[in-house]
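Chains, contacts and geometry: an overview
Next come the chains, spelled out residue by residue.
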Amino acid sequence: DWIRPLLQPLQDHSSGAADDAPAIGTLDQYSIHSVIGQGGMGVVLRGMDPELNRPVAIKVLSPHLAGVGAARTRFMREAQAAAAIVHPAIVPIYSVVPSARLPYLVMPCIDGGNLQQRLDREGPLELTEVVRIVSRSHEQRASPRHQTREYFDRRRQRSRSDQRLRTRPSTR
C-alpha cells in the first residue's frame, strides 16, 4: 500500500488493461493495476503499456533505498546484467528508468505465480512435475548470468582468503 501515494493520478478513467482491472494510478506512461509482489528491494507492479497495448511488470526500487547511491547502482547493474542476456530462464528487460525519483525497470508480465503459490493452490506435486522443475532449475544454474555471478563470488572469496593469509601473524 505504500506505493499508491507515490503513483500519479489517472488522467482518464479508461484502464486499457486486457483484464479490465481498474487502474490504481500511473507511473509515467504506464497505467498501474495491482501489486504483484513485494520484497526487500522494492515492489513489482502489474501495469499496461499504452503504446504497445501489452501487460507489463514494473519493478520499482523502495523509497527507503532510492536515496542510497549504492542501492541505485546495484539496481541499475542488475538491470544491465539481465538485459545483456538472452536466455529462456531470464525475463527480458524492456526498459529501465534510473533517473526517476523511484528508479524502475519494465519487463513482460508473466502470469502464473511462484512455486509456493502453486503448492498452496494445488497441493503436493506429482514426482514427474518435481523432476521437471528441478531439471529446469538446474538449467537456470547453468545460465550465463548465474555462471557470471558464481565467478565473481568465487573471485571475491579468493580475494578474502588471500587477504587473510597476508594479514595473518607469523608463527615463527
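Residues numbered from 1 in each chain as written. Predicted model: local features only at pLDDT ≥ 70, side-chain atom pairs only at ≥ 80, totals over all residues. Heavy atoms only, no water.

This brings us to the sheet that holds strand β2 (residues 30–38). The six strands lie next to each other as β1-β2-β3-β4-β6-β5, forming an open sheet whose pairing is antiparallel. Taken across any chain shown, the strands that pair with only one partner, and hence form the sheet edges, are β1 (25–27) and β5 (95–97). For this sheet, the mean angle separating the axes of adjacent strands, direction not counted, is 40 degrees. Here strand β3 (residues 42–49) pairs with strand β4 (residues 54–61) via eight bridges, running antiparallel. Looking at the pairing, arginine 46 lines up with alanine 57 of β4. Helix-sheet contacts for helix α2 (residues 69–83) involve β4, β5 and β6 (104–108), and the interaxial angle to β4 is about 145 degrees. (Pairing = 2+ DSSP bridges. Helix = DSSP H or I, 4+ residues; strand = E, 2+ residues; numbered from the N terminus. Axes fitted to C-alpha atoms, helices over the stretch in contact; angles between N-to-C directions. Contact = heavy atoms within 4.5 Å.)

A few words on the nonpolar core. Counting 15 residues, the largest nonpolar core has Leu27, Tyr30, Ile32, Leu45, Ile58, Val60 and Tyr104 as its most contacted members. Those elements that provide at least two residues to this core are β2, β3, β4 and β6. The element that contributes the greatest number of residues to this core is β4, accounting for three residues. Excluding residues within four positions of it along the chain, isoleucine 32 makes contact with Leu7, Ala23, Ile24, Gly25, Thr26, Leu27, Leu45, Arg46, Gly47 and Ile58. Ala71, Phe75, Ile85 and Ile90 belong to the second largest nonpolar core, which has 13 residues in total. (Core = buried A, V, L, I, M, F, W, Y, C linked by side-chain atoms within 4.5 Å. Buried < 20%, exposed > 50% of the residue type's maximum accessible area, 1.4 Å probe, protein only.)

Time to look at the confidence of the model for the protein. Averaged over every residue, the pLDDT of the protein is 79; the share at 70 or more is 73%. For residues 164–168, every residue scores under 50 in pLDDT, and the model assigns this stretch one contact once sequence neighbours within four places are set aside. (pLDDT = per-residue confidence, 0-100.)

Note: most peptide bonds trans; most residues except glycine with negative phi. Unlike most non-glycine residues, aspartate 28 shows phi in positive territory, near 55 degrees. When you line up the elements, aspartate 28 lands in the loop between β1 and β2.

Glancing now at the pairing of β6. Along β6, five of the five residues are buried, which leaves the element largely enclosed by surrounding structure. Of the pairings in the sheet, the one linking β4 to β6 comprises five bridges and is antiparallel in character. Following the sheet pairing, isoleucine 58 is matched in β6 by valine 106. Examined bridge by bridge, β5 and β6 share three bridges and lie antiparallel to one another. By the bridge assignment, serine 95 is partnered in β6 with valine 106. Joining the antiparallel neighbours β5 and β6 is a turn of six residues.

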